[in-house]
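Survey of secondary and tertiary structure
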Amino acid sequence: MAKVLVVTSGKGGVGKTTSTAALGAALAQMGEKVVVIDFDVGLRNLDLVMGAERRVVFDLINVVQGVAKLSQALIRDKRLDNLWLLPASQTRDKDALTDEGVGRIIADLRTNFDWILCDSPAGIERGATLAMRYADEAVIVTNPEVSSVRDSDRIIGMLDSKTVKAERGERVEKHVLITRYDSTRAARGEMLAIDDILEILATPLLGIIPESQDVLRASNVGSPVTLNNAASAPARAYMDAVRRLMGETVNMVVPVERKGLMNRLLRRRAA
Amino acid sequence: MINLLRLIGGRNASAPVARERLQILLAHERGLRGQPELLGLLRAEILAVVSRHVVLDPEKVVVRMDRGKHVSTLEVDIEVPNGFERSLAAAS
């Protein structure tokens, strides 16, 4: 059965788009049929991070308004033939999105894909509420930093009240994905610790993505980090996160770049 | 190991402060969540009850809630037009 997963955060710049691309590609690398949808109407970027910016002809708004068919707007990834992108419009504004239009598209995609990943825009307005509206599961991307944790808390409140599932009295399954994590700084007490963040947000952990040059390098060349350098620390962390999404139990370690004594000692173990 | 590092870098350990500030702030914000709906509901129902007996301008009904540390207050301010005894008489 298809799963609709929203990648959200409230705060901007924490890594939603990077994470959507990486998780989407990682799921596809594991053989799942995946579509990633960019909900950031007017400020699309998922196409750029996935390296498909020159192949966009039709977009989400065109499909909502009936100008194009869904099949015309979907872009197939050049590296993975079971990975697709539905880009956002760059010229329209977010008001062109309608609840029923989005509902129709999601229902359509459910019949064709295993995973539908919705890349939410920052903020708590229309684009963000519609990105989460039909979600079965949510990945809340959070940086170990006070403003990000506060916004994540707000978004968790919205997931529990404004989604179709919540309105039916069901629950959206929520996971926290911590990105830009620096274990050395956390150990020194300069950065919020994982346990503190999880305790405050009262939401289970999906993964810990270490701060890494590889993430920037991957977006520079328009390739999800799990494809661009599968052996890199962030790629391994995203792969582990995806295995957990698929129901596997994977030990929670922060993948590190170097294999020094200090790093091994600083590795974190969790259930 | 982690504790040792915390000891060395004790000066820089701002994370506990961050955690405490967040816990206090979020406890407050979670309390506020859903409150606007509650106030709207209270306002609508109070308006409906009072309107049964007195002619009111709906704009002049203000419901406000203040959360204190130990006690919270619910303030209902209804402005009634001057000739309201007459409208009362007419209603009965």
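An account of the accompanying structure is given in this report. (Residues numbered from 1 in each chain as written. Chains lettered and ligands numbered in written order. Predicted model: local features only at pLDDT ≥ 70, side-chain atom pairs only at ≥ 80, totals over all residues. Heavy atoms only, no water.)

1. Topic: the overall build of chain B
Within chain B one finds four helices and two strands. Counting from the amino terminus, helix and strand elements in chain B follow one another as α-α-α-β-β-α. In chain B, buried positions account for 14% of the 92 residues. Put simply, 38% of the contacts in chain B that link residues at least 6 apart link residues at least 24 apart. Here chain B displays about 7100 Å² of accessible surface, and carbon together with sulfur accounts for 58% of that area. (Helix = DSSP H or I, 4+ residues; strand = E, 2+ residues; numbered from the N terminus. Buried < 20%, exposed > 50% of the residue type's maximum accessible area, 1.4 Å probe, protein only. Contact = heavy atoms within 4.5 Å. Areas by Shrake-Rupley, 256 points an atom, 1.4 Å probe, with all protein chains shown as cover.)

2. A closer look at the packing of aromatic side chains
Residues and elements named next belong to chain A. Per the stated rule, a full pass over the model turns up one aromatic pair over all chains. Seen from their ring centres, Trp 84 and Phe 113 are 6.4 Å apart, and the 80° between their planes marks the pair as edge-to-face. Of this pair, Trp 84 sits in strand 4 (residues 83-86) while Phe 113 sits in the loop between helix 5 (99-110) and strand 5 (115-119), placing them 29 residues apart in sequence. A relative accessible area of 18% means that Trp 84 is categorised as buried. Taking the ring centre of Phe 113 as reference, the NZ or CZ of Lys 33 above it sits at 4.9 Å. (Phe/Tyr/Trp six-rings, centres within 6.5 Å; stacked < 30°, edge-to-face > 60°. Lys NZ or Arg CZ within 6 Å of the ring centre and 35° of its normal.)

3. Focus on the pattern of salt bridges
Two side chains bearing opposite charge may form a pair once their charged atoms approach each other closely. Enumeration according to the criterion identifies 19 salt bridges over all chains in this entry. Linking Arg 44 of chain A and Asp 47 of chain A is a salt bridge whose minimum nitrogen-to-oxygen distance equals 3.1 Å. The exposure class of Arg 44 of chain A is buried, given its relative accessible area of 18%. Notably, a salt bridge pairs Arg 30 of chain B with Asp 153 of chain A, separated by 2.4 Å at the nearest N-O pair. Linking Arg 30 of chain B in helix 2 (residues 15-32) with Asp 153 of chain A in helix 7 (residues 146-159), this pair reaches from one chain into another. Judged by relative accessible area, which is 37%, Arg 30 of chain B ranks as partly exposed. Owing to a relative accessible area of 3%, Asp 153 of chain A belongs among the buried residues under this scheme. Several salt bridges converge on common partners, so that one network encompasses Asp 99, Arg 133 and Glu 167 of chain A. (Salt bridge = Lys/Arg side-chain N within 4 Å of Asp/Glu carboxyl O.)

4. Digging into the sheet that holds strand 6 (residues 137-142) of chain A
Hydrogen bonds along the backbone pair up the strands of a sheet, which may run parallel or antiparallel. All names here are of chain A. Pairing is mixed across the open sheet formed by eight strands, whose spatial order is 3-4-2-5-1-6-7-8. The sheet terminates laterally at strand 3 (75-76) and strand 8 (205-210), the two strands that pair on one side only. Each of strand 1 (3-8), strand 5, strand 6, strand 7 (173-181) and strand 8 touches helix 13 (residues 233-245); the most contacted strand, strand 8, lies at about 175° to it. (Pairing = 2+ DSSP bridges. Axes fitted to C-alpha atoms, helices over the stretch in contact; angles between N-to-C directions.)

5. Concerning the side chain of Ser 9 of chain A
Residue and element names in this part refer to chain A. With respect to the helices, strands and loops of the structure, Ser 9 is situated in the loop between strand 1 and helix 1 (16-29). The buried category is assigned to Ser 9, whose relative accessible area is 1%. Side-chain polar atoms of Ser 9 contact the backbone oxygen of Lys 11, separated by 2.5 Å. A distance of 2.9 Å separates polar atoms of two side chains, one belonging to Ser 9 and the other to Lys 16. With residues up to four places along the chain from it excluded, the contact list for Ser 9 reads Val 14, Lys 16, Val 141, Asp 151, Ser 152 and Ile 155. (Polar contact = N/O pair within 3.5 Å; in protein donor to acceptor, adjacent residues only side chain to side chain.)

6. Digging into the packing of helix 1 of chain A against helix 13 of chain A
Residues and elements named next belong to chain A. Close contact between helix 1 and helix 13 brings their axes to 9 Å; oriented N to C, the two are set at 65°. In terms of orientation, helix 1 and helix 13 fall into the roughly perpendicular class. Every pair of crossing elements has a handedness; the one defined by helix 1 and helix 13 is right-handed. Seen from helix 1, the contacting residues are Thr 18, Ser 19, Ala 22, Leu 23, Ala 26, Leu 27 and Gln 29; seen from helix 13, they are Tyr 238, Met 239, Ala 241 and Val 242. Split by residue class, the contact of helix 1 with helix 13 holds eight nonpolar, three polar and no charged. (Parallel < 35°, antiparallel > 145°, perpendicular 65-115°, else oblique. Left-handed = near helix turned anticlockwise from the far one by under 90°. Nonpolar A, V, L, I, M, F, W, Y, C, P; charged D, E, K, R; others polar.)

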